[in-house]
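Take a look at the letters that make up each chain.
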Amino acid sequence: MAMTSDITGITLMALRTPGAVTTDTQTGIPSGVKRVTVNLSQVTKGSGSSDFALRIGPSGGVATTGYTSLGYRFGGTGTNTTDVFNANVSWTYGALSGQIVLNLADATTNLWTLTGMLNAGGGTICCMAGRIALSGALERVMLENSGGSPGNFSGGSWQVSYE
C-alpha cells in the first residue's frame, strides 16, 4: 500500500525575548496547521508569586474559558484549570526551559490537545496536558503569568514552530 504525505516541513517563527510585560503573544500562525510547538529557553520572571500559563486562540484573541487542563509538578500536587493551560509551577522555582506541543485533534471543531514538559531548575520538572475547542482556526499563542501577583517577564527566550 502506498503512503502519501502533505508534510512540507517545520516553520520556525521569530525568536521572542519578552520584556517587562505580564504576557507575551506570538500571532500570525497560518490556518491549516496541524501542530504547533512552543520552545522555552530560560524564560524567567521578576518579582511576584504567579504561575506560568499558556493561552491559545483564533485571530480575534486568546480563549479565556473552555480549557480542560492539568498541570503537575513532580514532588507537588496537580492543579486543574479551565481558564488557561497551567504548568502548576511558581516562578520561584527558577527559569523555565522545555517544550509544549499543541496538536489539532478535530479540524471541524478546532479541538486542540496539549502536552508539555518543562524544567524549572533546582530539580523541578513540570508536566501539563489538556484540550480546548477554539471558536476559529488557531492563530496565536500567549505566555502569561497567571494568578497571584503577576509581575513581569525578566529574561530568556521562546519560539513557536508549526507544521
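Rules behind the numbers
Residues numbered from 1 in each chain as written. Predicted model: local features only at pLDDT ≥ 70, side-chain atom pairs only at ≥ 80, totals over all residues. Heavy atoms only, no water. Helix = DSSP H or I, 4+ residues; strand = E, 2+ residues; numbered from the N terminus. Buried < 20%, exposed > 50% of the residue type's maximum accessible area, 1.4 Å probe, protein only. Contact = heavy atoms within 4.5 Å. Areas by Shrake-Rupley, 256 points an atom, 1.4 Å probe, with all protein chains shown as cover. Polar contact = N/O pair within 3.5 Å; in protein donor to acceptor, adjacent residues only side chain to side chain. pLDDT = per-residue confidence, 0-100. Pairing = 2+ DSSP bridges. Salt bridge = Lys/Arg side-chain N within 4 Å of Asp/Glu carboxyl O.

A. Examining the overall build of the protein chain more closely. A count of helical and extended segments in the protein chain gives 0 helices and 12 strands. Element order for the protein chain, N to C, with α for helix and β for strand: β-β-β-β-β-β-β-β-β-β-β-β. Within the protein chain, the fraction of its 163 residues that count as buried is 44%. Expressed as a percentage of contacts within the protein chain between residues at least 6 apart in sequence, the contacts between residues at least 24 apart total 70%. Summed over its atoms, the accessible surface of the protein chain is roughly 7,700 Å², and 52% of this surface lies on carbon and sulfur atoms.

B. Highlighting the side chain of Asp-24. Relative to the helices and strands, Asp-24 is located in strand S2 (residues 23–27). Look at Asp-24 and you get buried, because its relative accessible area is 10%. Within the local environment of Asp-24, its side chain forms a polar contact with the side chain of Arg-16, the two groups lying 2.8 Å apart. There is a polar contact of 2.7 Å between the side chain of Asp-24 and the side chain of Trp-158. Not counting residues within four places of it along the chain, the set of residues in contact with Asp-24 comprises Arg-16, Pro-18, Val-141, Met-142, Leu-143, Phe-153 and Trp-158.

C. Structural context of the confidence of the model for the protein chain. Taken over all residues, the pLDDT of the protein chain has a mean of 85, while the share at 70 or more is 79%. Taken together, the stretch residues 1–5 has pLDDT below 50 and engages in 0 contacts with residues farther than four places along the chain or on a different chain.

D. Structural context of the pairing of strand S12 (residues 153–162). Burial runs high along S12: 8 of the 10 residues are buried. In this structure, strand S1 (residues 11–12) lies alongside S12, joined through 2 bridges in antiparallel fashion. Of the residues in S12, the one forming a bridge with Thr-11 is Tyr-162. Relative to S12, strand S3 (residues 35–45) runs antiparallel, the two sharing 8 bridges.

E. Representation of the pattern of salt bridges. Tallied over the full model, the rule gives 3 salt bridges. Residue Arg-55 is joined to Glu-144 by a salt bridge in which the shortest nitrogen-to-oxygen separation is 3.0 Å. Here Glu-144 lies in strand S11 (residues 140–146) and Arg-55 lies in strand S4 (residues 51–57), a separation of 89 residues in the sequence. According to the relative accessible area criterion, Arg-55 is buried, its value standing at 10%. With a closest N to O distance of 2.9 Å, Glu-139 and Arg-140 form a salt bridge. The exposure class of Glu-139 is buried, given its relative accessible area of 15%.

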